[in-house]
Amino acid sequence: MKYWRGYITAAIIAILTGVLMAFAKSHTVLLDMVYPYMTRFIQTSLAGWSASVNFCLWQLIVIVLGVLLLASIVAMIILRWNFFQWMGWVLTAACTLFFLHTGIYGLNSYAGPLSDDIALKSTEYTVSELAEATSYFRDIANELSTQVPRNADGTPNYPSFAEMAEQAGEGFENLTYEQYKPVFAGCTLPVKELSWADMYTSMGITGVTMPLTGEAAVNPQTPAVALPFVMCHEMAHRMSIALERDANLAGFLACDANSDPIFRYSGYFMAFRYCYNALASIGSTSANAAAAEVAAGIGEFVKSDWNYYQNFFNQHHDKQASKLADTANDTYIKVSGDESGTKSYDEVYDLLVSWYIQEIYLPAHKEEEQSFDPLDKNQVDLSQAPVAGGRP
């Protein structure tokens with residue numbers, strides 16, 4: 001029986017985790033009323049604690065756990081522990097970590113979508129409307145691309161990682177206190193730099209948020225044009241915005257609400273990229289023609305930054321490492337409650353088009369309400385009105 005204790009303990013913890021997730025899935029309204037606020041408080045507290053050091057504590061913890069695992073393997077060999085029994089307790093440790101993650105953060109995947117919290121109505125749209133939204137994001141990106149600091153060769157010349165990390169929180173503060181969106185009232189402490197950046201770059205990973213330590217971290221090798229957006233994306237995760245499409249939307253909104261053109265350009269550049277890729281992927285004759293028309297209007301700076309962004313990951317990624325990272329991330333996202341997996345990153349284009357229609361298109365095309373004028377013959381039938389000085 002003693003050989004099974006670890007497996008029994010692991011099974012109990014796994015069942016408890018499953019019960020939590022099943023409850024969250026079937027009680028989303030109740031969950032959304034309480035859980036995100038609780039987890040935002042926990043994340044803010046943990047972030048304040050982990051901010052006492054400028055490196056990622058969770059990466060140090062990973063090293064310590066790795067050393068402990070190796071030490072236990074050595075001890076198992078020397079002391080001739082039973083492998084089957086040892087594996088049971090390793091599973092228990094893994095299940096315990098996932099249970100803690102689920103309890104203090106993971107259930108946010110079952111809470112209401114960000115669109116509900118910011119009163120963004122999901123809108124059905126045509127290919128031409130998608131193309132129009134894409135053109136809008138392109139045009140703003142073109143305009144902002146000329147306002148950011150650049151080197152003589154046209155490449156971005158941005159401030160240091162630390163300076164941009166300090167600036168990133170401004171957008172969320174403006175969303176919260178000026179635009180009255182309390183869903184963004186979370187921790188705005190600066191994101192941290194990911195150590196082992198070369199490894200993450202080879203996997204195509206630009207950022208990681210670790211709820212167990214409240215740390216939002218970004219790969220410092222991320223191309224400059226996307227770096228501000230990624231910072232805001234990871235901050236959004238720390239604010240308990242768990243779904244990737246929602247974190248991307250939050251990243252765009254925070255960049256747009258930032259006073260620094262570096263952040264605004266990054267947000268519109270990435271919004272344009274997501275929408276253009278969606279338009280180009282439709283494959284119909286009309287969509288291809290619309291995509292070609294949109295592409296013809298891309299400014300030189302945006303085109304240069306786009307090519308650099310694309311080539312950077314193509315040149316630095318490792319095929320096997322990327323496949324392993326994508327598989328692990330896809331599995332984690334699906335287990336956490338989002339059936340789209342890693343595809344959910346790109347699904348932000350639906351939200352971006354809805355945002356464009358609601359916030360830009362409709363207000364611009366809303367007919368001005370005319371004030372009532374009783375003497376305006378276009379508003380009132382004056383044919384039966386009495387003539388001045390005549391009889392009734």
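Report follows, based on the coordinates.

1. Re the nonpolar core
Alright, step 1. Formed by 72 residues in total, the largest nonpolar core has its most connected members in Phe 137, Phe 172 and Phe 184.
Alright, step 2. Tallying contributions element by element places helix H11 (residues 261-282) first for this core, with 12 residues.
Alright, step 3. Non-local contacts of Phe 137, meaning those with residues more than four positions away in its chain, are made with Phe 252, Tyr 268, Ala 271, Phe 272, Cys 275, Leu 352, Trp 355 and Tyr 356.
Alright, step 4. Ala 24, Tyr 35, Leu 107 and Ala 111 belong to the second-largest nonpolar core, a separate cluster that totals seven residues.

2. Here's the deal with the pattern of salt bridges
Alright, step 1. Scanning all chains against the criterion turns up six salt bridges.
Alright, step 2. The partner of Asp 305 in a salt bridge is Arg 150, with the nearest N and O atoms 2.8 Å apart. Here Asp 305 is found in helix H13 (residues 300-316), whereas its partner Arg 150 is found in the loop between helix H6 (127-145) and helix H7 (161-177), with 155 residues between them in sequence. Comparing Asp 305 with Arg 150, the two get one shared label, buried.
Alright, step 3. Residue Glu 215 is joined to Lys 192 by a salt bridge in which the shortest nitrogen-to-oxygen separation is 2.7 Å. Residue Glu 215 is located in strand E3 (residues 215-218), and its partner Lys 192 is located in strand E1 (residues 192-193); the two are separated by 23 residues in the primary sequence.

3. A closer look at the sheet that holds E3
Alright, step 1. The three strands lie next to each other as E1-E3-E2, forming an open sheet whose pairing is mixed. Looking at strand neighbours, the two that pair on one side only are E1 and strand E2 (207-210), the edges of this open sheet.
Alright, step 2. Here E2 pairs with E3 via four bridges, running antiparallel. Its bridge partner being in E3, Val 208 is matched across the sheet by Ala 217.

Definitions and cut-offs
- Residues numbered from 1 in each chain as written.
- Predicted model: local features only at pLDDT ≥ 70, side-chain atom pairs only at ≥ 80, totals over all residues.
- Heavy atoms only, no water.
- Core = buried A, V, L, I, M, F, W, Y, C linked by side-chain atoms within 4.5 Å.
- Buried < 20%, exposed > 50% of the residue type's maximum accessible area, 1.4 Å probe, protein only.
- Helix = DSSP H or I, 4+ residues; strand = E, 2+ residues; numbered from the N terminus.
- Contact = heavy atoms within 4.5 Å.
- Salt bridge = Lys/Arg side-chain N within 4 Å of Asp/Glu carboxyl O.
- Pairing = 2+ DSSP bridges.

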